[in-house]
Amino acid sequence: MQVTLRVFRFNPETDKKPHYESYKMDAEPTDRVLDLLEYAKSYFDGTLSFRRSCAHGVCGSDAVRINGRNRLACKVLVKELKSKKITIEPVLGMRVIKDLVVDMEPFFEHYRSVMPYLVNDEPPPSRERIQSAEQHERFDDTTKCILCACCTTSCPSFWSGEDYVGPAAIVAAHRFVFDSRDRAGAERLKILNDSFGVFRCHTIFNCTECCPREIEVTRAIGEVKKAIASGKLD
Amino acid sequence: MTQYHKYDVVIVGAGGAGLTAAINASKTASTAVLSKLYPTRSHTGTAQGGVGAALGNIEEDKPEWHTFDSVKGSDYLGDQDAIEFMCQEAVQTVYELEHMGLPFSRTPEGRIAQRPFGGHTNNITGKPVQRACYSADRTGHMILQTLYQQCIKHNVRFFDEFQVVDLLIEGGVAAGVVAIEILTGELHVFQAKSVVIATGGHGRIWEITSNAYTYTGDGVAVAMRRGIPAEDMEFFQFHPTGIYKMGILITEGVRGEGGVLLNNEGERFMNRYAPTVKDLASRDVISRAMYLEMRDGRGINGKRYLNLDVTPMTVNKYAIEDGRTKPDGSPYVVTAEEILAKLPDIIDFARTYIGVDPVSEPMPVQPTAHYAMGGIPTNMFGEVVLDKENTVLPGLYAAGEVACVSVHGANRLGTNSLLDIIVFGKFSGLKAAEYAREVNYQTLPEDPDGFSRQQLDGILNSNGEENAADIAREMKDVMFDHVGVFRTEEGMQKALDKVLELKGRFKNVKTADLGNMFNTELLNLWELGNLIELAEVTTVSALARKESRGAHAREDYPERDDVNWLKHTLAWMRDGNVELDYKPVTITKYEPKKRVY
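Criteria and thresholds
Residues numbered from 1 in each chain as written. Chains lettered and ligands numbered in written order. Predicted model: local features only at pLDDT ≥ 70, side-chain atom pairs only at ≥ 80, totals over all residues. Helix = DSSP H or I, 4+ residues; strand = E, 2+ residues; numbered from the N terminus. Rg over C-alpha atoms; globule rule 2.2 N^0.38 Å. Contact = placed C-beta atoms within 7 Å. Buried ≥ 20, exposed ≤ 12 C-beta atoms within 10 Å, placed from the backbone. Axes fitted to C-alpha atoms, helices over the stretch in contact; angles between N-to-C directions. Parallel < 35°, antiparallel > 145°, perpendicular 65-115°, else oblique. Domains from an automatic or database assignment. Nonpolar A, V, L, I, M, F, W, Y, C, P; charged D, E, K, R; others polar. Pairing = 2+ DSSP bridges. Arc of directions from axis to C-beta. Left-handed = near helix turned anticlockwise from the far one by under 90°.

Asks: Looking at this model, I keep getting lost on the overall build of chain B. Mind explaining?
Replies: On a plain count of helices and strands, chain B comes out with 17 helices and 22 strands. What you see for chain B is a C-alpha radius of gyration of 23 Å, in line with the 25 Å of a compact globule of 597 residues. Along the first, second and third principal axes, the C-alpha set of chain B runs to 70 × 50 × 50 Å. Sequence separation of at least 24 residues holds for 76% of the intrachain contacts in chain B that already meet a minimum separation of 6.

Right, here's the structure in full:
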């Protein structure tokens, strides 16, 4: 089948403002959108720039907007898309560096701000710490996050103010707040209780809908809100 | 304008090995990590099934068994002192990961869960042992995340999206590296007392591969350009179960949970090739069996794939046949829910990419280029060694897939790559910091960024007619056809001729992007140059080795030849040509014997 790839283009060294370019090509229904981008870069325009690495939805490099929705380009097949015209744009809410490449630094800054690491200064046992399967299950879902930024850059609250830590950072906090081995839950909840924290979330569910790892993001945010309100981690 | 930096320890690469090195080095030395990707994008994150350590959480196990299994898995080419060291350290190192917060799956007693994996056995019974410590089927993801989190906690200095393009050596001592900052296109010279190379593998040489786009052998290529040899490059692992045509990895954990490989007659053919451990034989053995099945017309629908079946009905049927039991002695029975819970990502990949639901139908799989056993030669402390006498290059270290210790020999066992990165990442980091405490900075060579500029300008000024994607495709095709699971003199010679032709054509490549900012084309072309060189080194090394051992299986020399070939290959790139020499294998406790599964 023939498809048309319509791609957002911006070269900071030569362009005053962005524009779109279209590339017509043959595609198999089972092609990934990333395959099409690679083809366009290889055979139409070598200057087309985007990030990618693993090409099967695990590394989180290639979050872009495909026909208006945040997706990983390597995890969307041509046959899933209704239209043969495929529009690819950078994710929203972050500064565009070049074409589909955005500045990820603010995103990782928010991630780092929530203490995304296990805190436990008690001397560890000689073997592993004991954690029941149920205790592990409590935070299992949020350990799947690959920091692709699909969720954060789909969030209207983030668009309206990039000081909001955003869903991905809250997911990272959730992963530790509900880990039975961690001892810094209260500190993290305090961080997330400030004006740029978790209460900026208005349960719009964009994050949950676009998460390529199928994490129940809104639910995780809700659990963090509840923990702050109740002062309890249950 | 080139910028200059100075750190005691510079680590190149931010996957599992680089991050583990960083955590350990940064305790006592000023440390910088340079990575062409954001660290969490690294290929470690794609590892699935588990990390090997004889914790004995479910059944009896011991590091000695793990050692022997790895020696046997390596087809006796692994250095036994290093393998023993790795398997002994495995237990403590896995506990350290747990203490860092790694969310392992758990046993009913709350301990780290373990599953069977290929080639890992109870040495008394010969039956599979549960040694792979896992976190569902995303163990690599959890290791990468946990290590990165610890680096944040310890304020490790990262230079994200910095591509290292040269290694600086002055007076025979490491002096630093040169990197291009991808965002700006500027060069940066990092002066360092110790340099740790941890850049991963080079599976992108082959057409069907589980490897990331960015797995382009940068570390080995950079080192070879500075006169360092590459060891055992002919040994590259083809993982038995990649998704048909795409190569995406389907973990061996699927077979650990009871999945089996079936041919077009519905026969569990591994019964014939490995009667004791069957579908849990080591990877080289299974990949060869699959090729033979397909050659003899038993591929599914006559095509180049076989079925990997993990539906509960099939699993339970063969569990009875194998007499497999649960830890409490009751028969091994799985439900669809349990499969979903233990292999969520595999289910997701199969549904997404091939529209197959693995709990109700089999997955089409074929062998996929997966892992470099070879690489930069090191000793068991991660120190890079230069020759058959194992002379150390002071200040230079390598760890993880880029390195060849050698703990994997001619064939790596599943779960030993994650183990390799955490054990040798740790010891190379500690050693690098210890060395940095003892020495002063080596003077930088004259014009330190000259060679980097020359390489990059060469690409930017290349205004030929050759399309890089065509060159890459031709290389991948010929390497997959002729330097793959089975090899012959004739086929490999054909591949070498082609690769040399491509090497010539690459000099005439067309470059479109002449910009400074985020020039991914420049980087991709530089990476392609690395791949072509490593394809050449791989093929020359493979042509010379006239025997079959581990992943190097020759139809014209089908037997292992310990009299002539129980030795490591060393390959140098000199004046554009590959030169070979050999060094002995370290054998301590285990005399080579015939390898039967």
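Asks: Would you mind going over the overall build of chain A with me for this structure?
Replies: The number of helices and strands found in chain A is eight helices and seven strands. Expressed along its principal axes, the backbone C-alpha trace of chain A runs to roughly 60 × 35 × 30 Å. The proportion of buried residues among the 234 residues of chain A is 48%. Counting contacts in chain A only where the partners sit at least 6 residues apart, residues at least 24 apart contribute 67% of the total.

Asks: Please clarify how helix 1 (residues 33-43) of chain A should be interpreted in this entry.
Replies: Spacing of three or four residues puts side chains on the same side of an α-helix, whose turn is 3.6 residues. Those residues of helix 1 of chain A lying buried are Val-33, Leu-34, Leu-36, Leu-37, Glu-38, Ala-40 and Lys-41 of chain A. Buried residues in helix 1 of chain A make contact with strand 1 (2-9), strand 2 (19-26), strand 3 (63-66) and strand 5 (85-89) of chain A.

Asks: Sorry if this is basic, but what is going on with the packing of helix 3 (residues 80-99) of chain B against helix 12 (residues 416-438) of chain B here?
Replies: Between two packed helices, the angle of one axis relative to the other and the distance separating the axes together describe the packing. All names here are of chain B. One way to put it is that helix 3 packs onto helix 12 with a least axis distance of 9 Å and a crossing angle of 90°. Relative to helix 12, the element helix 3 is oriented roughly perpendicular. Touching Met-86, Glu-89, Ala-90, Thr-93 and Leu-97 of helix 3 are Leu-419, Asp-420, Ile-422, Val-423 and Lys-426, all from helix 12.

Asks: Which parts of the structure should I look at to understand the domain arrangement of chain B?
Replies: Reports of interface size often rely on the accessible area that becomes lost once the parts have come together. Residues and elements named next belong to chain B. By domain assignment, chain B separates into domain 1 (3-46 + 141-237 + 370-438), domain 2 (51-139), domain 3 (245-367) and domain 4 (450-562). Relative placement of domain 3 and domain 4: their C-alpha centres are 33 Å apart. Listed per partner, the contact involves five residues of domain 3 and five residues of domain 4. Per-element tally for the side of domain 3 that touches domain 4: the top contributor is helix 8 (residues 283-295), with four residues. For the side of domain 3 that touches domain 4, the per-class residue count stands at two nonpolar, one polar and two charged.

Asks: Teacher, can you tell me more about the interface of chain A and chain B here?
Replies: Contacts between the two partners involve 42 residues from chain A and, on the opposite side, 43 residues from chain B. Mapped by element, the contributors of at least two residues to the side of chain A that touches chain B are helix 1, strand 6 (96-98) and helix 3 (133-140) of chain A. Tallied by class, residues from the side of chain A that touches chain B come to 17 nonpolar, 13 polar and twelve charged.

Asks: Would you explain the sheet that holds strand 13 (residues 306-309) of chain B in this entry?
Replies: Strand pairs in the sheet, formed through backbone hydrogen bonds, run parallel or antiparallel to each other. All names here are of chain B. Strand order in this open sheet of four strands is 11-14-13-12, and the pairing throughout is antiparallel. For this open sheet the edge positions go to strand 11 (236-243) and strand 12 (260-262), each flanked by a neighbour on one side alone. In this sheet, neighbouring strand axes are inclined to one another by 45° on average, regardless of whether the strands run parallel or antiparallel. Here three bridges tie strand 13 to strand 14 (residues 363-372), and the two strands are oriented antiparallel to one another. For Leu-306, the partnering residue across the bridge sits in strand 14 and is Val-365. Where helix 8 meets the sheet, it contacts strand 11, strand 13 and strand 14, and its direction lies at approximately 60° from that of strand 11.

Asks: Looking at this structure, how should I read the sheet that holds strand 21 (residues 567-574) of chain B?
Replies: Residues and elements named next belong to chain B. Reading across the sheet, the three strands line up as 10-21-22 and stay open at both edges, with antiparallel pairing between neighbours. Looking at the sheet topology across the chains shown, the edges are occupied by strand 10 (230-231) and strand 22 (577-584). As paired strands, strand 10 and strand 21 are joined by two bridges and run antiparallel to one another. Within strand 21, the residue paired with Glu-231 across the bridge is Leu-570.

Asks: Looking at this structure, how should I read the environment of Glu-579 of chain B?
Replies: All names here are of chain B. Relative to the helices and strands, Glu-579 resides in strand 22. Classification of Glu-579 as exposed rests on a count of 12 C-beta atoms within 10 Å. For the pair Glu-579 and Val-540, spaced 39 residues apart in the sequence, the C-alpha separation amounts to 8.7 Å. Apart from the residues lying within four places of it in its own chain, the contact partners of Glu-579 are Trp-572 and Arg-574.

Asks: Would you explain the pairing of strand 14 of chain B in this entry?
Replies: When a strand is regular, its side chains alternate between the sheet's two faces. All names here are of chain B. The buried count for strand 14 comes to ten of ten residues, which makes it a mostly enclosed element. Here strand 11 runs beside strand 14; their pairing, made up of six bridges, is antiparallel. Bridge pairing in strand 14 links Gly-242 to Gln-366.

Asks: I would appreciate a short explanation of helix 6 (residues 185-192) of chain A in the present structure.
Replies: Residue and element names in this part refer to chain A. Considered for burial, the residues of helix 6 that qualify are Arg-188, Leu-189 and Leu-192. All buried residues of helix 6 project into a common sector of 100° when viewed along the axis, lining one side. Turned more than 90 degrees off the buried face of helix 6, the exposed positions are Ala-186 and Lys-190. Looking at the buried positions of helix 6, the neighbouring elements they touch are helix 5 (166-177) and helix 8 (217-230).

Asks: Can you walk me through the domain arrangement of chain A in this structure?
Replies: Residues and elements named next belong to chain A. When its domains are assigned, chain A resolves into domain 1 (2-102) and domain 2 (105-230). For domain 1 and domain 2, the distance between their C-alpha centroids amounts to 29 Å. The interface of domain 1 with domain 2 comprises 14 residues on the first partner and 14 residues on the second. Broken down by element, the residue count for the side of domain 1 that touches domain 2 peaks at four residues, all from strand 4 (residues 69-72).

Asks: Honestly, the packing of helix 14 (residues 468-482) of chain B against helix 16 (residues 520-544) of chain B in this entry has me stumped. Any pointers?
Replies: All names here are of chain B. Remark: helix 14 packs on helix 16, axes separated minimally by 11 Å, with the N-to-C direction vectors making an angle of 25°. It follows that helix 14 is roughly parallel to helix 16 by the angle criterion. As for how helix 14 packs across helix 16, the hand of that crossing is left-handed. Of the residues in helix 16, those touching helix 14 at Ala-468, Ile-471, Ala-472, Met-475 and Met-479 are Leu-525, Leu-528, Leu-531, Ile-532 and Ala-535. Of the residues that constitute the contact of helix 14 with helix 16, the class distribution is ten nonpolar, no polar and no charged.

Asks: I'm lost on unusual backbone geometry in this one. Help?
Replies: Most peptide bonds take the trans configuration, and most residues that are not glycine carry a negative phi. The omega angle of the peptide bond from Val-405 of chain B to Ser-406 of chain B is 5°, so this bond is cis rather than trans. Mapped onto the fold, Ser-406 of chain B is located in the loop between strand 18 (403-404) and helix 12. One non-glycine residue, Met-115 of chain A, adopts positive backbone phi at about 55°. Mapped onto the elements of the fold, Met-115 of chain A is located in the loop between helix 2 (105-113) and helix 3. Owing to 20 C-beta atoms within 10 Å, Met-115 of chain A belongs among the buried residues under this scheme. Of note in this structure, Lys-245 of chain B is not a glycine but carries a positive phi near 75°.

Asks: Can you walk me through the environment of Ala-410 of chain B in this structure?
Replies: Residues and elements named next belong to chain B. With respect to the helices and strands, Ala-410 occurs in the loop between strand 18 and helix 12. Taking the C-alpha atoms as reference points, Ala-410 and Gly-550, 140 residues apart in sequence, are found 4.5 Å from one another. Leaving out residues up to four positions away in the same chain, Ala-410 has contacts with Ser-74, Asp-75, Leu-77, Phe-235, Met-373, Arg-549, Gly-550, Ala-551 and His-552.

Asks: Please explain the environment of Thr-30 of chain A as it appears in this structure.
Replies: Residues and elements named next belong to chain A. Along the chain, Thr-30 turns up in the loop between strand 2 and helix 1. On the neighbour-count criterion, Thr-30 (14 C-beta atoms within 10 Å) is partly exposed. With residues near it in sequence (within four places) discarded, Thr-30 still touches Leu-77 and Lys-79.

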